[in-house]
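# Report on the structure
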Amino acid sequence: MSSVLASDGIEAGYEVIPERGQRAVFCGLTSIIWMHRQIQDAFFLVVGSRTCAHLLQSAAGVMIFAEPRFATAILEDRDLAGMADCNEELDRVVDEVIARRPEIKSLFLVASCPSEVIKLDLGNAAQRMQRRHEGSVRVVAFSGSGIETTFTQGEDSCLHSLVAELPDSHDSTQRLLVAGSLPDVVEDQFRRLLDAMGITDVDFFPGRRFEELPAVGANTQVLLAQPFLNDTARALVGRGAQLLSAPFPYGAEGTLAWLQAAATAWSVPAATFESVTRSSLARAKKSIAARAEKLTGKRVALLPDSQLEIPIARFLSRECGMELLELGTPHFDTEIMAADAALLPHGSKIIEGQNLDAQLDRVREQRPDLTVCGLGIANPLEAEGLRTKWSIELMFTPIQGFDQAGDLVELFTRPLRRQQLLDFT
Ligand code: SF4
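Residues numbered from 1 in each chain as written. Predicted model: local features only at pLDDT ≥ 70, side-chain atom pairs only at ≥ 80, totals over all residues. Heavy atoms only, no water.

- As named in an unreviewed UniProt entry, the chain is Light-independent protochlorophyllide reductase subunit N, taken from Luminiphilus syltensis NOR5-1B.
- On record in UniProt, under Catalytic activity (unreviewed entry), the comment for the chain is "chlorophyllide a + oxidized 2[4Fe-4S]-[ferredoxin] + 2 ADP + 2 phosphate = protochlorophyllide a + reduced 2[4Fe-4S]-[ferredoxin] + 2 ATP + 2 H2O".
- Comment text from UniProt for the chain, heading Subunit (unreviewed entry), reads "Protochlorophyllide reductase is composed of three subunits; BchL, BchN and BchB. Forms a heterotetramer of two BchB and two BchN subunits." (UniProt positions renumbered as here; feature names shortened; annotations may be inferred.)

In structure tokens form, the structure reads like this:
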């Protein structure tokens, strides 16, 4: 069953068309793969089925041989049938994990479809275990289930669960909180640029260690580094923080506008902003220009996957000269996406949600030069002679900021170049 429901946002120059039906997306558990690398003293324990364990193993690839800080506590038939006390079993598994990995300072209990269906209350379990391991490990629960979350929403769910853990800020000094996981190299670059502008009181959330959770309060200005943090952003606002509106930091234009939002909030003089960003901006523009030629005039379709689609579409159309044919996103938050959506070509149609067959029919009919989509769709489309880009790479590659702008273009030129190299006709 499927339907196209309604549309809005036309007055803003774009139209949002909700679409419902079959979906081909990851569940939020996938976000554990990058979150466990980001928070280096955390362990993620999924309470789920063998399916969940298989998903994590496939998504993590070779990482599973490196003693990663995640695992699945598998619910057996006895647990599902109510013959065993799940909570007792869970306590036992958690004790084991904590005893075996003394370096861990935080443990995330991650709910899955099976644990939610049998109504296993992981929030309660986390509180119970917190009391038991008080002083050594902090235990928090969040949901990564396919019922509740889509792919990157797992990170939103995780960070949202942490907002309540953030200490209160009683300070009057204005602080910048950059929210959303970023590769270390990008975080360091942003910190350097902000620092050079005189914005020195900066926290990144999540930080690299759970022990370094930033304080939040009325003096906190939040700048989102990732577009999928709806619940986290609202919870931070609920703690008194103010949300800065900005396009996301992809490409030269996006990064400049993102930094500008912070500079404006800190009243950084225009001359200082210009002199701090000048050389990085010029480098980014040059590096985009050197690669974007291959994309200019090409037609692209973005299928819903990570919520990065709108800022990426803005970057591909404005900085690489691509024509947008299909623009899908799993979820559209008007407030968080406002700055990026306003920069889309006038009259853009944003498809929110998915009806897979209808969407694939449109893609087949229009035959874009490049389709950005999930792994499950990519190979079948390649077999039909269409070029694809796996959207998951956008989450595993450093793409934010000036210095990564060229690499971001490269992600999209690679499939087209490969086609050229393999074309013997
Ligand atoms: S959480 Fe749900 S959707 Fe995700 S792997 Fe487990 S069963 Fe599948």
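### Quick word on the site of the ligand
- Close to the ligand lie Cys27, Leu29, Cys52, Ser112, Cys113, Pro114, Ser145 and Gly146.
- Looking at the shell around the ligand, its residues break down into five nonpolar, three polar and no charged. (Near = heavy atom within 4 Å. Nonpolar A, V, L, I, M, F, W, Y, C, P; charged D, E, K, R; others polar.)

### Brief notes about the pairing of strand β3 (residues 42-48)
- Extensive coverage of β3 is indicated by the burial of seven of its seven residues.
- Here β3 shows a buried face lined by Ala42, Phe44, Val46 and Gly48 and a second buried face lined by Phe43, Leu45 and Val47.
- Across six bridges, β3 lies against strand β5 (residues 106-111) in parallel orientation. Counterpart to phenylalanine 43 in the pairing with β5 is leucine 107.
- In this sheet, strand β4 (residues 70-74) lies alongside β3 in parallel orientation, the contact comprising five bridges. Of the residues in β4, the one forming a bridge with valine 46 is threonine 72. (Buried < 20%, exposed > 50% of the residue type's maximum accessible area, 1.4 Å probe, protein only. Helix = DSSP H or I, 4+ residues; strand = E, 2+ residues; numbered from the N terminus. Pairing = 2+ DSSP bridges.)

### Description of the nonpolar core
- Among the nonpolar cores identified, the biggest contains 103 residues, and Phe44, Phe108, Leu176, Ile312 and Phe412 are the most heavily contacted of them.
- Beyond its immediate chain neighbours, meaning those up to four positions away, leucine 176 contacts Leu194, Ile199, Asp201, Val202, Asp203, Gln221, Leu223, Leu244, Ala262 and Trp266. (Core = buried A, V, L, I, M, F, W, Y, C linked by side-chain atoms within 4.5 Å. Contact = heavy atoms within 4.5 Å.)

### Observations concerning the UniProt feature "binding site: [4Fe-4S] cluster" (unreviewed entry) in the chain
- Summarizing the sequence annotation, UniProt attributes the feature "binding site: [4Fe-4S] cluster" (unreviewed entry) to Cys27, Cys52 and Cys113 in the numbering used throughout. A maximum C-alpha distance of 9.5 Å is found for the annotated residues, which run over 87 residues; spatially they form one tight group.
- If you trace the backbone, cysteine 27 turns up in the loop between β2 (14-20) and α1 (32-38).
- Every residue in contact with cysteine 27, bar those within four places of it in the chain, is listed here: Leu55, Gly144, Ser145, Gly146, Thr149, Thr150 and Phe151.

### Quick word on the packing of helix α4 (residues 86-100) against helix α6 (residues 122-132)
- It is the contact of α4 with α6, at a shortest axis distance of 11 Å, that shows an interaxial angle of 50°. Judged by the angle between their axes, α4 and α6 are oblique. By crossing handedness, the relation of α4 to α6 is classed as right-handed. For the pair formed by α4 and α6, the contact residues are Asn87, Leu90, Asp91, Val94 and Asp95 on the first element and Leu122, Ala125, Arg128, Met129 and Arg132 on the second.
- A breakdown of the residues in the contact of α4 with α6 according to their chemical character gives five nonpolar, one polar and four charged. (Axes fitted to C-alpha atoms, helices over the stretch in contact; angles between N-to-C directions. Parallel < 35°, antiparallel > 145°, perpendicular 65-115°, else oblique. Left-handed = near helix turned anticlockwise from the far one by under 90°.)

### Observations concerning the domain arrangement of the chain
- According to the domain assignment, the chain consists of domain 1 (28-149), domain 2 (175-277) and domain 3 (283-422).
- If you average the C-alpha positions of domain 1 and of domain 2, the two centres end up 30 Å apart.
- Taken over both partners, the interface formed by domain 1 and domain 2 buries close to 930 Å², and the fraction arising from carbon and sulfur atoms is 55%.
- When the buried area of domain 1 at its contact with domain 2 is split by residue, Gln38, Gln40 and Asp41 rank highest and sum to 55% of it.
- In this structure, the connection of domain 1 to domain 2 is made through one salt bridge.
- One salt bridge connects aspartate 41 with arginine 209, and the closest N-O pair in it is separated by 3.9 Å.
- Applying the counting rule to domain 1 against domain 2 returns four residue pairs in polar contact (both at pLDDT 80 or more).
- Sorting the residues of the side of domain 1 that touches domain 2 by element identifies α1, β5 and β6 (138-143) as the ones contributing at least two each.
- At three residues, α1 tops the list of elements feeding residues into the side of domain 1 that touches domain 2.
- Taken together, the residues of the side of domain 1 that touches domain 2 break down into five nonpolar, three polar and three charged. (Domains from an automatic or database assignment. Buried area = accessible area lost by both parts, 1.4 Å probe. Salt bridge = Lys/Arg side-chain N within 4 Å of Asp/Glu carboxyl O. Polar contact = N/O pair within 3.5 Å; in protein donor to acceptor, adjacent residues only side chain to side chain.)

### Some details on the pairing of β5
- With respect to burial, β5 is a largely interior element, six of its six residues being buried.
- With burial as the criterion, each face of β5 is covered, one bearing Ser106, Phe108 and Val110 and the other bearing Leu107, Leu109 and Ala111.
- As paired strands, β5 and β6 are joined by six bridges and run parallel to one another. By the bridge assignment for β6, leucine 109 is matched with alanine 141.

### What about the sheet that holds β6?
- Taken together, the four strands give an open sheet; going across it, the order is β4-β3-β5-β6, and neighbouring strands pair in parallel fashion. In this open sheet, the two strands that pair with only one neighbour each are β4 and β6. Across the sheet, the mean angle separating the axes of adjacent strands is 25° when strand polarity is ignored.
- Along the sheet face, helix α2 (residues 50-60) touches β3 and β4 and points at about 160° away from the line of β4.
- Against the sheet, α4 contacts β3, β4 and β5, and its axis sits at roughly 155° relative to β3.

### Some remarks on the packing of aromatic side chains
- Summed over all chains, the structure comprises nine aromatic pairs.
- Here the aromatic rings of phenylalanine 26 and phenylalanine 151 are separated by 5.3 Å at their centres, their planes lie at 50°, and the arrangement is tilted. Taken together, the residues span a long stretch of sequence, with phenylalanine 26 in the loop between β2 and α1 and phenylalanine 151 in the loop between β6 and α7 (153-163) at a distance of 125 residues.
- With relative accessibility at 0%, the residue phenylalanine 151 sits in the buried group.
- Taking 6.3 Å as the distance between ring centres and 85° as the angle between the ring planes, the aromatic pair formed by phenylalanine 44 and phenylalanine 142 counts as edge-to-face. With phenylalanine 44 in strand β3 and phenylalanine 142 in strand β6, this residue pair connects regions lying 98 residues apart in the sequence.
- Overall, phenylalanine 44 belongs to the buried group, its relative accessible area being 0%. (Phe/Tyr/Trp six-rings, centres within 6.5 Å; stacked < 30°, edge-to-face > 60°.)

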